[in-house]
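The residues making up each chain are set out below.
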Amino acid sequence: MLDKTIDSALANLRRDLIRSGGDGLEHVEALMRLRGVPMPRVMPPKKPDAARYGQMRRLIYAALRDGPRTAPEIARVVAASRPEITPEEALKRTWNALSKMKHEGLVGREGRVWRLARK
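Owing to the predicted nature of the structure, the values given are computational and were not obtained by experimental measurement.

Student: Before we move on, could you go through helix α4 (residues 71–81) and cite the residues and values that matter?
Tutor: For α4, the full list of buried residues reads A71, I74, A75 and V78. Buried residues of α4 fall within an arc of 100° about the axis and therefore sit on the same side. Counted as exposed and oriented over 90 degrees from the buried face of α4: R76 and A80.

Student: Lay out helix α1 (residues 3–20) with the relevant residues and their values.
Tutor: Relative to the 26 Å expected for 18 residues at 1.5 Å per residue, α1 spans 26 Å between its end C-alpha atoms, a close match to the ideal helical length. Residues of α1 that are buried: L10, R14 and L17. On an axial view of α1, the arc spanned by its buried residues comes to 70°, and they lie on one face. The exposed set on the far side of α1, more than 90 degrees from its buried face, consists of K4 and S20. Close packing links the buried residues of α1 with α2 (25–35). Looking at the residues trailing α1, positive phi occurs at G21, about 75°.

Student: So what about the pattern of salt bridges? Which residues, and what values?
Tutor: Considering all chains together, one arrives at nine salt bridges under this definition. Put simply, D3 and R35 hold a salt bridge, and the shortest N to O gap is 3.4 Å. You can see D3 sitting in helix α1 and its partner R35 sitting in helix α2, a full 32 residues away along the chain. Judged by relative accessible area, R35 falls into the partly exposed class, the value being 35%.

Student: Give a description of the packing of α1 against α2 that names residues and reports values.
Tutor: In contact at an axis separation of 10 Å, α1 and α2 are set at 150° when each is read in the N-to-C sense. Here α1 is positioned roughly antiparallel relative to α2, judged by the angle of their axes. Classified by chirality, the crossing of α2 by α1 is left-handed. Residues D3, I6, D7, L10, A11, L13, R14, L17 and I18 of α1 form the contact with α2, whose own contacting residues are L25, V28, E29, L31, M32 and R35.

Student: I'd like a description of the packing of aromatic side chains, backed by residues and values.
Tutor: Under the counting rule described, the total for this entry stands at one aromatic pair. Ring centres of W95 and W114 lie 6.0 Å apart, and the angle between their planes is 75°; this geometry places the pair in the edge-to-face category. Placement of W95 in helix α5 (residues 87–103) and of W114 in strand β3 (residues 113–116) is noted, with a sequence separation of 19 residues between them. Residue W114 is classed as buried on the basis of its relative accessible area of 2%.

Student: Explain the packing of α4 against α5 to me, using residue names and the numbers behind them.
Tutor: Across the interface, α4 lies against α5 with an axial gap of 8 Å and an inter-helix angle of 115°. Judged by the sense of rotation from one axis to the other, the crossing of α4 with α5 is right-handed. On α5, the residues that touch A71, P72, I74, A75, V78 and A79 of α4 are P87, A90, L91, T94, W95 and L98. Broken down by class, the residue content of the contact of α4 with α5 amounts to 11 nonpolar, one polar and no charged.

Calculation criteria
Residues numbered from 1 in each chain as written. Predicted model: local features only at pLDDT ≥ 70, side-chain atom pairs only at ≥ 80, totals over all residues. Heavy atoms only, no water. Buried < 20%, exposed > 50% of the residue type's maximum accessible area, 1.4 Å probe, protein only. Helix = DSSP H or I, 4+ residues; strand = E, 2+ residues; numbered from the N terminus. Arc of directions from axis to C-beta. Expected span 1.5 Å × (residues − 1). Contact = heavy atoms within 4.5 Å. Salt bridge = Lys/Arg side-chain N within 4 Å of Asp/Glu carboxyl O. Axes fitted to C-alpha atoms, helices over the stretch in contact; angles between N-to-C directions. Parallel < 35°, antiparallel > 145°, perpendicular 65-115°, else oblique. Left-handed = near helix turned anticlockwise from the far one by under 90°. Phe/Tyr/Trp six-rings, centres within 6.5 Å; stacked < 30°, edge-to-face > 60°. Nonpolar A, V, L, I, M, F, W, Y, C, P; charged D, E, K, R; others polar.

Structure follows, in structure tokens:
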């Protein structure tokens, strides 16, 4: 077995133990220290209600296709399409997506009303 395979397996085992809170983490880290494997920070797992890539943009495009709307109106469309999130979370995620889309020039804002960017 290759050294990099063992190192990768130890790193993956460490990540899984940290996320699940399992036993034996100190043993895995001791093995990693002995082998000289770096121990990077472990990111938390993704939320189970995280949107798939591009889903928020598609929902926002669908909401703005009928004309300009305010962010709460767009968030209501998002909340209707994604019942697993609360209306407050839908508004927060809508604002984040609109901000990113505005920065990329995909949507524009006139006062409180959002619209699709003119090309």
